[in-house]
Amino acid sequence: MCFMVPLFMLRTVDPLFAFGVATLLASVYVKYTFGKPQGYLTHLAYRLGLPLSGLLDVRVKSYLT
């Protein structure tokens, strides 16, 4: 019995937690992208200082031409 209870809890709590996190992330995604131009979240992350490797091509010397 002491081995079955943790196994049962692991199999029911983890999927519920994952479903809750997925629902939260989906609602945040919809809130921040609905009605915004394409690439809005990428620009927002860049402005907040998050490292986005591969966003800009390193071979291009200037994007302001």
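Residues numbered from 1 in each chain as written. Predicted model: local features only at pLDDT ≥ 70, side-chain atom pairs only at ≥ 80, totals over all residues. Heavy atoms only, no water.

A. Molecular detail of the overall build of the protein chain. When helices and strands are counted, the protein chain shows two helices and zero strands. Among the 65 residues that make up the protein chain, the fraction classed as buried is 2%. By element, 72% of the accessible surface of the protein chain is carried by carbon and sulfur atoms, the whole surface being about 6400 Å². (Helix = DSSP H or I, 4+ residues; strand = E, 2+ residues; numbered from the N terminus. Buried < 20%, exposed > 50% of the residue type's maximum accessible area, 1.4 Å probe, protein only. Areas by Shrake-Rupley, 256 points an atom, 1.4 Å probe, with all protein chains shown as cover.)

B. Structural context of the packing of aromatic side chains. One pass over the structure, following the stated rule, counts zero aromatic pairs. Over the ring of Tyr40 we find Lys36; its NZ or CZ atom is 5.5 Å from the centre of that ring. (Phe/Tyr/Trp six-rings, centres within 6.5 Å; stacked < 30°, edge-to-face > 60°. Lys NZ or Arg CZ within 6 Å of the ring centre and 35° of its normal.)

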